[in-house]
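Analysis of the macromolecular model
These are the residues of each chain, in order.
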There are 2 protein chains.
Amino acid sequence: MNSWIPISPDSHFTIHNLPFGIFSAGRKKTRLGIAIGDQILDLAAVAELGFFDDLAAPRKVFDNDFLNDFIALGKPVTNAVRLRVQNLLSDENSPLKNHPEVFEKQSEAVMHLPVRVGDYTDFYSSIEHATNVGKMFRDPANALLPNWRHLPVGYHGRASSIVVSGTDIRRPSGQVLPTRPTAGREGADVPVFQKSARLDFELEMAFVIGKESPLGQPISTAEAEDHIFGMVIFNDWSARDIQQWEYVPLGPFLGKNFGSSVSPWVVTMEALEPFRVAGPEQQPAVLPYLSFSGNKNYDIALKVSITPPQNDSETVVSRSNFKFMYWNMCQQLAHHTVNGCNMRVGDLLASGTISGPTEDSFGSMLEISWMGTKPVTLADGTTRTFILDNDTVTMQAVAEKDGVRVGFGEVLGKILS
Amino acid sequence: MNSWIPISPDSHFTIHNLPFGIFSAGRKKTRLGIAIGDQILDLAAVAELGFFDDLAAPRKVFDNDFLNDFIALGKPVTNAVRLRVQNLLSDENSPLKNHPEVFEKQSEAVMHLPVRVGDYTDFYSSIEHATNVGKMFRDPANALLPNWRHLPVGYHGRASSIVVSGTDIRRPSGQVLPTRPTAGREGADVPVFQKSARLDFELEMAFVIGKESPLGQPISTAEAEDHIFGMVIFNDWSARDIQQWEYVPLGPFLGKNFGSSVSPWVVTMEALEPFRVAGPEQQPAVLPYLSFSGNKNYDIALKVSITPPQNDSETVVSRSNFKFMYWNMCQQLAHHTVNGCNMRVGDLLASGTISGPTEDSFGSMLEISWMGTKPVTLADGTTRTFILDNDTVTMQAVAEKDGVRVGFGEVLGKILS
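Fair warning: this is a prediction, and the values are worked out from it, not measured in the lab. (Residues numbered from 1 in each chain as written. Chains lettered and ligands numbered in written order. Predicted model: local features only at pLDDT ≥ 70, side-chain atom pairs only at ≥ 80, totals over all residues. Heavy atoms only, no water.)

So, on to the relation of the copies chain A and chain B. After a rotation of 180 degrees and a shift along the axis of 0.0 Å, chain A superposes on chain B with an RMSD of 0.0 Å. Such a turn and shift between the copies fits a two-fold axis. Looking at the rotation axis and the C-alpha trace of chain A, the residue lying nearest is A:G251, at 2.1 Å. In this assembly, 100% of the residues forming the interface of chain A have copies in chain B that are likewise at the interface, indicating an isologous arrangement. (Least-squares fit on C-alpha atoms with pLDDT ≥ 70 in both. Contact = heavy atoms within 4.5 Å.)

Right, here's the structure in full:
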């Protein structure tokens, strides 16, 4: 299938992808769009032309600040809209050829947070990441905690501070333990207040809940896919020094909630269908409510780069893959709801840091620099153990197979002092 | 000051209180109300009569599913509305005497969740509770963790499963470690899937954010009160067995997010003003960003009772007080935002379990029954270590001083199997 829109061979936004996002441009206020090549198809404008009127998708749903109302229409409707757009963009006789006003250049549009996030949950589902952290902070010979292989460990994050790619992030201040005892406050167990000196990224993917589930009603692994609308790239910014002092016994808090960045385009699970692969074998066998059948992992190549200030030379510091996840999304959702916890459309469930088996595939500076002991040299000759002020961190994700390419674009964020 | 509305001497809803809530009654759909005696003043109806037109409070803000839009008007407006109502209800020549249609009996109204909660945070700010838990699960001689006296430990909870008083809660199922090794799955470190056998309440209070703060901008302890609209009683239902297995290292998750219950009436900080008291001395001295001046604790008597199924005999199992809190609300809010975390109107920040110094003031069954080792005998002769199916747990909160009485009503919830 090809589009009559010119699409560069390296574009993430092919006719096979068609992700949904929220944009504004010129005098057009925020509304729904679909990315195609370097263009955005203005769905509010297409709806006004009547192209979705037969699909049970009210026109006003496309003229909106968030995707939530559209997603809540349900997969039969949202898939029908996506397929209609695929037809309109691939048909050589497409009526849209007479409507240049329904396209905007991505370079001239502003992207906004795609979903209004009710609740955001972060998992810890990469066995390589959990093992690395366990080796560094606990027992190298016994890196995984006893519960890790029995359930997808997760915790609640802060929804208010989730921002769209391109939003600057301020380096947080907070309580940290001094590396050397401070004058007047002796001992290494007395905290000081300072700017975080160990600011880090976490390479993650997150999925968007597409279907509500009521309180008290679990979602099984078999039902889970029906509740997942699509995915984004997720950078779970972390202040390691703040986190380390605060997190016992109730988990991460201020070390995480100063900001998380998401990519603006939500790639649908339908677009990701060709990239299903088997996940790692799970040993010991999981409890019945976590068992599943079929391929539930996805082969999505991930890349993280750092761009120093006043410099265009970005350096790739990690190449990982979403297929490495030990716990898959269906298991995460089944676990999250097995106690009756309810889900709302737009809730975000993130994977946790996605590290691969090799050092060049680790998904955080904590692991890449091994707690700061192995500095990374960037293309401009400077070194990094953690992220410095005015550094920009960029994450990309793209799936490719048999000539079909489906990408997420990127999520980037610059750290301000 | 007295009201011309007859108010029973034991009512929580005196002319000094005037808490805000969301109710529906008969053909009146959800709207804002104020509790007075055993009545509700219908604020949407009062607004329609024009009584708030001079107060910069648009009529439509009172005809709403949640308090958020009203609260977002800011304290100058919300206080003015409350004082206007106080005048209207105390003035013997009140024009409302000619408008019986603006009153509804509480017994004939349905109360709804008062605020749309964006994010919910739970603290752990009672030193007695943290000490009890530390004694039970860690080292009795060293019960408090090193960070506890330096910062108000907190974590993010689930907003979607916060429900209003009266909502039944289903006993959650989940992974727990067996007390005895299970056939075929030997060893105490292999979990089983079952209904929670250690379902508990947590006696808490929560405050409602009244003023937004942007990402990157901390709120100081001095500014904090300006950001706090009011308070509710909060029952943070907990499944101890699920929690114990899952919570390392990222904190509570499924052991908590199956439901939290709030009282329907939000008592304003202005109504609580007479009940300010000094908090416990904090040793060691806190870091400057957590220091404060003035009385920041509140003397609010708290009570928890259990009512067994098919039985009217409720038994009080705890009498505690909000004044025991080691960390006050201003410190909690300053800490939460010191890293730049943003706050939105309607966010809920809960205290953590409020235990007092004596055994009869412990705020959870975990502590009251000391991990199940000391059963409590109820009025009907049955015993409890944790909460059984069809038990109803009721929490009440009331402040009283110099003849002025300000109460929260109650939060109750029944456990279904």
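All names here are of chain A. By secondary structure assignment, the location of S213 is in the loop between strand 13 (203-209) and helix 5 (221-224). Separated by 14 residues in the primary sequence, S213 and H227 place their C-alpha atoms 8.5 Å from one another. Setting aside chain neighbours within four positions, we find S213 in contact with I219, H227, C341, N342 and M343. (Helix = DSSP H or I, 4+ residues; strand = E, 2+ residues; numbered from the N terminus.)

A separate point is unusual backbone geometry. Of note, the bond from A:Q283 into A:P284 is cis; its omega dihedral lies within 30 degrees of zero at 0 degrees. Locating A:P284 in the fold gives a position in the loop between strand 18 (276-277) and strand 19 (297-298). B:V248 connects to B:P249 through a cis peptide bond whose omega is 0 degrees. Topologically, B:P249 is positioned in the loop between helix 6 (240-246) and strand 16 (260-262). At A:D402, a position not held by glycine, the phi torsion is positive, near 50 degrees. In this structure, A:D402 sits in the loop between strand 25 (392-401) and strand 26 (404-416). Take A:D402: its relative accessible area is 73%, and that puts it in the exposed class. Of note in the backbone geometry, B:N390 takes a positive phi value of approximately 70 degrees without being a glycine. (Buried < 20%, exposed > 50% of the residue type's maximum accessible area, 1.4 Å probe, protein only.)

What follows concerns the confidence of the model for chain A. Predicted coordinates in regions of low pLDDT should not be interpreted in detail. Mean pLDDT over chain A works out to 96, with 98% of the residues at or above the 70 mark. We note a pTM of 0.97 for the whole complex and an ipTM of 0.97 for its interfaces. (pLDDT = per-residue confidence, 0-100.)

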